[in-house]
Amino acid sequence: MLMLNKTNWTPASFILSGVPGLEDIHIWISSPFFSMYVVAMVGNCGLLYLIHYEESLHRPMYYFLATLSLTDIVMCSSTIPKALCIFWFHLKEIGFDECLVQMFFIHTFTGIESGVLMLMALDRYVAICYPLRYSTILTNPVIAKVGLATFLRGVLLIIPFTFLTKRLPYCQGNIIPHTYCDHMSIAKLSCGNVKVNAIYGLTVALLIGAFDILCITISYTMILRAVVSLSSADARQKAFSTCTAHICAIVFSYSPAFFCFFSHRFGGHTVPPSCHIIVANIYLLLPPTMNLIVYGVKTKQIRDCVIRTLSGSKDVKAHDI
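It should be emphasised that the depicted structure is a prediction, and the values quoted were computed from it without experimental measurement.

A word on the UniProt feature "transmembrane region" (unreviewed entry) in the protein chain. The UniProt entry lists residues 25-50, 62-89, 101-122, 142-164, 198-223, 244-264 and 276-297 under the feature "transmembrane region" (unreviewed entry), expressed in the numbering used here. Helix makes up 100% of residues 142-164 and strand makes up 0%, while its end C-alpha atoms are separated by 34 Å. The distance separating the terminal C-alpha atoms of residues 276-297 is 30 Å; by composition the span is 100% helix and 0% strand.

Here is the structure:
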């Protein structure tokens with residue numbers, strides 16, 4: 001039901017419909033979502049504990065990894081529990097302000113995750129191209145400053161979305177054909193002028209996504225050039241393996257994001273709503289799971305720390321990835 005006044009038509013709540021057209025199989029759709037969510041939560045919480053517990057992991061790369069894990073936990077928890085409530089219990093209603101808060105958290109932490117991936121690429125660039133200066137370049141104060149800058153960038157750029165969305169009149173109903181509240185899904189319910197919303201959304205995408213991808217591309221280009229020049233075949237193979245895994249994680253993070261961004265704005269009726277919504281959920285679930293595998297399981301030092309922790313051994317040996 002809509003609560004309207006003469007000047008601004010604002011719904012008291014929205015209805016999240018889930019995956020339109022696939023309501024009959026919501027319970028089956030929920031199974032992989034739930035499984036990935038459990039893996040992401042347990043794995044990333046365990047990784048945070050391990051990095052905090054193991055002194056050998058108190059290094060710049062693992063500080064960035066801990067930040068990435070914390071970001072993934074918040075990002076998943078902002079959306080998946082509500083989606084599961086829709087799939088399992090048909091609890092589809094969400095308050096207007098609650099919807100805006102969810103939108104803020106989703107967009108803020110996806111932006112922060114992009115920034116952290118960029119910082120991790122720069123970390124690998126310094127480690128491989130300037131190994132002797134690594135500890136002097138990436139000091140704890142530097143890490144704290146770039147981490148804070150990444151966080152503030154995400155928060156400050158997303159805050160205007162809340163006000164731009166809140167000012168709109170909503171006279172086209174209150175049913176959002178989605179499992180969570182995102183900016184464009186809400187804006188499409190408005191009968192007002194959403195041109196400012198669309199322009200600002202594109203601007204933020206360029207300031208965050210395009211800038212981060214450019215920095216990541218430059219970093220890995222420089223890394224690959226340095227790796228090719230290595231004289232040791234084993235060193236080249238090890239570095240290539242690490243870079244390939246990291247690049248795959250980055251591709252898995254950005255591909256669904258680009259699909260969602262462009263299908264919302266340019267897809268029109270060519271992309272089925274069910275396809276868009278499923279990919280949008282994968283966009284929030286796949287990176288936390290893949291980051292855990294690529295940056296956690298495939299990192300030798302973390303594997304060794306897990307084995308020592310499970311076996312109760314206190315011997316600490318430093319290994320680079």
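Right, picking up where we left off after that structure.
If you check helix 6 (residues 140-166), its first and last C-alpha atoms are 39 Å apart, about what 27 residues at 1.5 Å a residue would give, namely 39 Å. Within helix 6 the residues assigned to the buried category are Ile143, Thr150, Arg153, Gly154, Val155, Leu157, Ile158, Phe161, Thr162, Leu164 and Thr165. Where helix 6 is buried, its residues contact helix 2 (60-77), helix 4 (96-129), helix 7 (183-187) and helix 8 (195-228).

Packing of helix 1 (residues 26-53) against helix 11 (residues 300-311) brings their axes to within 11 Å, and their N-to-C directions diverge by 85 degrees. Classified by the angle their axes make, helix 1 and helix 11 are roughly perpendicular. Here Leu47, Leu50 and Tyr53 of helix 1 lie close against helix 11, whose contacting residues are Ile302, Cys305, Val306 and Thr309. A breakdown of the residues in the contact of helix 1 with helix 11 according to their chemical character gives six nonpolar, one polar and no charged.

Taken as a whole and judged by the stated rule, the model has four salt bridges. A salt bridge links Arg124 to Asp123, with the nearest nitrogen and oxygen atoms 2.8 Å apart. Across this residue pair, the class does not change: Arg124 and Asp123 are buried.

Strands sit in the order 4-3-5 across an open sheet of three strands; the sheet is mixed. Each end of this open sheet is capped by a strand with a single partner; those strands are strand 4 (93-95) and strand 5 (175-176). Bridging between strand 3 (residues 13-16) and strand 5 involves two bridges; their strand directions are parallel. Paired with Leu16 across the two strands is Ile176, which belongs to strand 5. Helix 4 rests against strand 3, strand 4 and strand 5 of the sheet, and its axis sits at about 85 degrees to strand 4.

Let us look at the state of the cysteines. Inspection of every chain in the model, using the stated rule, returns two disulfides. Here Cys99 connects covalently by a disulfide to Cys181, the sulfurs 1.9 Å from one another. Between Cys99 and Cys181, the S-S dihedral sits near -120 degrees, and the bridge is therefore left-handed. Of this pair, Cys99 sits in helix 4 while Cys181 sits in the loop between strand 5 and helix 7, placing them 82 residues apart in sequence. No difference in accessibility class separates Cys99 from Cys181, as the two residues are buried.

Attention now moves to the nonpolar core. Counting 51 residues, the largest nonpolar core has Leu65, Ile216 and Tyr295 as its most contacted members. Among the elements of the structure, helix 1, helix 2, helix 4, helix 8, helix 9 (233-267), helix 10 (273-297) and helix 11 are those that each provide at least two residues to this core. Those residues in contact with Tyr295, other than ones at most four positions away along the chain, are Leu65, Leu68, Leu117, Met120, His246, Ala249, Ile250 and Ile302. Core analysis: the next-biggest nonpolar cluster, separate from the first, contains 22 residues, Cys99, Phe104, Val155 and Val204 among them.

In this approach a probe as big as a water molecule rolls over the atoms, and the regions it shows empty are the leftover space. Of the pockets and cavities examined, the largest pocket occupies roughly 750 Å³. Taken together, 36 residues form the lining of the largest pocket, with Thr110, Ala205, Ala257, Phe261 and Tyr283 sitting closest to its centre. Elements supplying a minimum of two residues to the lining of the largest pocket: helix 4, helix 6, helix 7, helix 8, helix 9 and helix 10. The biggest single contributor to the lining of the largest pocket is helix 9, with nine residues.

Describing two packed helices takes the angle between their axes plus the distance from one axis to the other. Between helix 6 and helix 8, the least distance of the axes is 10 Å, while the angle of their chain directions is 165 degrees. Between helix 6 and helix 8, the crossing angle belongs to the class labelled roughly antiparallel. The handedness of the crossing between helix 6 and helix 8 is left-handed. Between helix 6 and helix 8, the residues in contact are Arg153, Leu156, Leu157, Ile158, Pro160, Phe161, Leu164 and Thr165 and Val196, Asn197, Tyr200, Gly201, Val204, Leu207, Ile208, Phe211 and Asp212, respectively.

Definitions and cut-offs
Residues numbered from 1 in each chain as written. Predicted model: local features only at pLDDT ≥ 70, side-chain atom pairs only at ≥ 80, totals over all residues. Heavy atoms only, no water. UniProt positions renumbered as here; feature names shortened; annotations may be inferred. Helix = DSSP H or I, 4+ residues; strand = E, 2+ residues; numbered from the N terminus. Expected span 1.5 Å × (residues − 1). Buried < 20%, exposed > 50% of the residue type's maximum accessible area, 1.4 Å probe, protein only. Contact = heavy atoms within 4.5 Å. Axes fitted to C-alpha atoms, helices over the stretch in contact; angles between N-to-C directions. Parallel < 35°, antiparallel > 145°, perpendicular 65-115°, else oblique. Nonpolar A, V, L, I, M, F, W, Y, C, P; charged D, E, K, R; others polar. Salt bridge = Lys/Arg side-chain N within 4 Å of Asp/Glu carboxyl O. Pairing = 2+ DSSP bridges. Disulfide = S-S within 2.5 Å. Core = buried A, V, L, I, M, F, W, Y, C linked by side-chain atoms within 4.5 Å. 1 Å grid on protein atoms, 1.4 Å probe; cavity = no way out; pocket = protein on both sides within 12 Å on 5 of 7 lines; lining within 4 Å. Points joined across faces, edges and corners; volume = space filled by probe spheres on them. Left-handed = near helix turned anticlockwise from the far one by under 90°.

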